[in-house]
Amino acid sequence: MTSLPRPVLPPEELRPESRLIHSGIQRTQFGENTEALFLTQSFVYDTAEQSEARFAGKDDGYIYSRFSNPTTAMFEARIAAVEGAEACRATATGMAAVTSSLLCFLKAGDHVLSAAELFGSCRYVIEELLPRFGIQTTLVKGTDLSEWEKNVRPNTKAFFLESPTNPTLDILDIAAIAKLSKKAGAKLIVDNVFATPMLQSPLQLGADIVVYSATKHIDGQGRCLGGAILSSQQFVMDHLHTFMRQTGPSISPFNAWVLLKGMETLQIRIERAQENAGKLADFLAAEKKITRVLYPARKDHPQHALAMKQMRGGSTLLSFEVEGGKAAAFRFANALRLIRISNNLGDVKSLITHPATTTHQRFTPEARAQMGIGDGLLRVSAGLEHADDLIDDLKRGLKAV
Ligand SMILES: *Cc1c(COP(=O)(O)O)cnc(C)c1O
């Protein structure tokens, strides 16, 4: 066998677009171009001595795919390179990433301070799951800095937020909240799903941990579930590695491989989807039957200036309110022929959802109103279709309203 191919340039010598394609590759002796898929549960050892050394951490080869696998490692290294994080652990889903990022270091008696405006399952974990294990939690209005400050307790160990939020696309001031969290001696965890690594870098804004549902834009083509937790090497070594190894929220190497391929096209997909979202938002804003359009890159967004300060673009999502409540919103969605009704997001296909009856159904109308989720609100995840075809479709919706 000839020598191994020369390794790729380190991330520091590449721009993010190139890291998406080349970082993290570990080529085998066969010199394959595309990343190899290692569908194997375990690994074999040359000798019993080697096996002993590996379990003792003195030989850094692979042991078992619940906690390490070469394909998964490539995915982890690539997303870490793009995010500018020291370390990453991939998980089976975005929710496995969120839950693991909290449970791996919190214990009974600790307190978590979180924004109330959260993806539904994240809110369940914070509001209902953690308290069952003696972890106190407080939900605050994420855009109100004084609420974060006021609710810190001596035992606050974690701050949790997402920005932009789902589905109202509120922007939370990550740098300011990171300062408060540092002062409190807590770790700030940011769910960066809506922004993606291309549009926002929470670690650079002061966050300690970033979590992703890779199911969304990172796959981007509606195939696999997956997640990732990015942090310092210290956090992985002190908390996350052991938690993942012993409890097993691990990703399938097959899914990690699909996500690796998804990352190659992430930048161009985000560019196009974002451009489409902006065009749809501008079109809807000019329509009389639309009472409100929420899109961070538009000047009429309540936190437009903050969005432009902490993000490198708007978002691939937009929300808008149709005059006439639920019935009108349903007529709008039902009249569409191109944009499909689905609660997923970050896909190449444009998708629409009615948050009040789907993702936020379990809340009371009052709680929804408090979150700004009216019965006429619709959320669109812009895909990669031609913008004019999407606008033609929105016209069908408007006609039906
Ligand atoms: C989808 C999503 C999640 C959960 O991800 P899964 O991969 O579906 O488990 C968490 N946070 C946000 C903001 C999401 O959009």
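Residues numbered from 1 in each chain as written. Predicted model: local features only at pLDDT ≥ 70, side-chain atom pairs only at ≥ 80, totals over all residues. Heavy atoms only, no water.

## Quick notes on the overall build of the protein
Across its full length, the protein carries 15 helices and 12 strands. What you see for the protein is a C-alpha radius of gyration of 22 Å, in line with the 21 Å of a compact globule of 401 residues. With the principal axes as the frame, the protein shows a C-alpha extent of 75 × 50 × 35 Å. For the protein, buried positions account for 54% of its 401 residues. Of all intrachain contacts in the protein linking residues separated by at least 6 positions in sequence, the fraction that spans at least 24 positions is 73%. Of the roughly 17,500 Å² of accessible surface on the protein, 52% is carried by carbon and sulfur atoms. (Helix = DSSP H or I, 4+ residues; strand = E, 2+ residues; numbered from the N terminus. Rg over C-alpha atoms; globule rule 2.2 N^0.38 Å. Buried < 20%, exposed > 50% of the residue type's maximum accessible area, 1.4 Å probe, protein only. Contact = heavy atoms within 4.5 Å. Areas by Shrake-Rupley, 256 points an atom, 1.4 Å probe, with all protein chains shown as cover.)

## Some thoughts on a nonpolar patch on the surface
Where nonpolar side chains cluster on the molecular surface, the patch consists of Leu37, Leu39 and Phe254 and spans about 280 Å² of accessible area. Residue class for leucine 39 comes out exposed when judged on its relative accessible area of 60%. (Patch = residues over 30% accessible without salt bridge, like charges linked within 9 Å, V, L, I, M, F, W, Y side chains within 5 Å. Salt bridge = Lys/Arg side-chain N within 4 Å of Asp/Glu carboxyl O.)

## Section: the packing of helix H3 (residues 70-83) against helix H10 (residues 253-264)
Relative to each other, H3 and H10 sit at 35 degrees, their axes nearing to 8 Å. Crossing geometry of H3 relative to H10 is assigned as left-handed. Contact with H3, carried on its side by Thr71, Thr72, Met74, Phe75, Arg78, Ile79 and Val82, involves Pro253, Ala256, Trp257, Leu259, Leu260, Met263 and Glu264 of H10 and no other residues of that element. Its residues placed into classes, the contact of H3 with H10 shows 10 nonpolar, two polar and two charged. (Axes fitted to C-alpha atoms, helices over the stretch in contact; angles between N-to-C directions. Left-handed = near helix turned anticlockwise from the far one by under 90°. Nonpolar A, V, L, I, M, F, W, Y, C, P; charged D, E, K, R; others polar.)

## Structural notes on empty space enclosed by the protein
Counted by the stated rule, this structure contains three cavities of 30 Å³ or more. Quantified by volume, the largest cavity comes out at close to 60 Å³. If you go around the largest cavity, the residues you meet are His217, Gly220, Arg269, Ile270, Ala273, Thr316, Gly346, Asp347, Val348, Ser381, Ala382 and Leu384. Per element, the largest residue contribution to the lining of the largest cavity is three residues, and it comes from helix H11 (residues 266-285). In the lining of the largest cavity, the residues fall into five nonpolar, five polar and two charged. (1 Å grid on protein atoms, 1.4 Å probe; cavity = no way out; pocket = protein on both sides within 12 Å on 5 of 7 lines; lining within 4 Å. Points joined across faces, edges and corners; volume = space filled by probe spheres on them.)

## Observations concerning the layout of surface pockets
What the largest pocket holds in volume is close to 680 Å³. If you trace the largest pocket, you find 34 residues lining it, with Tyr62, Phe67, Ser68, Glu76 and Arg89 closest to the centre. Of all the elements in the fold, those that place two or more residues in the lining of the largest pocket are helix H2 (48-55), H3, strand S1 (87-91) and helix H9 (233-247). Of the volumes computed, that of the second largest pocket is approximately 390 Å³. Together, 24 residues line the second largest pocket, and Met95, Phe119, Ser213, Lys216 and Leu345 are the ones closest to its centre.

## Topic: the sheet that holds strand S11 (residues 351-353)
As summarised here, the arrangement of the five strands in space is S8-S9-S12-S11-S10, forming an open sheet in which the pairing is mixed. Here the strands that pair on one side only, and so sit at the sheet edges, are strand S8 (290-294) and strand S10 (340-341). The sheet contact formed by S8 and strand S9 (residues 317-322) spans four bridges and is antiparallel. Across the sheet, the residue bridging to arginine 292 is glutamate 321, located in S9. (Pairing = 2+ DSSP bridges.)

## Details of helix H7 (residues 174-184)
Every buried residue of H7 is listed here: Ile174, Ala176, Ile177, Ala178, Leu180 and Ser181. Of the surrounding secondary structure, the elements contacted by the buried residues of H7 are helix H6 (145-150), strand S4 (156-162), strand S5 (187-191) and helix H12 (304-310). Just past H7, the residue glycine 185 takes up positive phi, approximately 70 degrees.

## Overview of the pattern of salt bridges
In a structure, side chains of opposite charge can pair up when their charged atoms sit close to one another. All chains considered together, the criterion is met by 16 salt bridges. Among the salt bridges present, the one from arginine 223 reaches aspartate 219, with a minimum N-O distance of 2.7 Å. With a relative accessible area of 45%, arginine 223 lands in the partly exposed category. Taking the shortest distance from any N to any O, the salt bridge between lysine 279 and glutamate 275 comes out at 3.5 Å. Separated by four residues within a single helix, lysine 279 and glutamate 275 lie in helix H11, roughly one turn from each other. On the basis of relative accessibility, which here comes to 44%, the residue glutamate 275 falls in the partly exposed class.

## Section: the pairing of S4
When you tally the buried positions in S4, you get six out of seven residues, the bulk of the element. For strand S2 (residues 111-115) and S4, the ladder comprises four bridges, and the chain directions are parallel. By the bridge assignment, histidine 111 is partnered in S4 with threonine 156. Of the strand pairs in this sheet, S4 and S5 are connected by five bridges, and their pairing is parallel. When the bridges of S5 are listed, phenylalanine 159 appears paired with leucine 188. Handedness of the S4-H7-S5 crossover: right-handed. (Right-handed = clockwise from strand over helix to strand, strands pointing away.)

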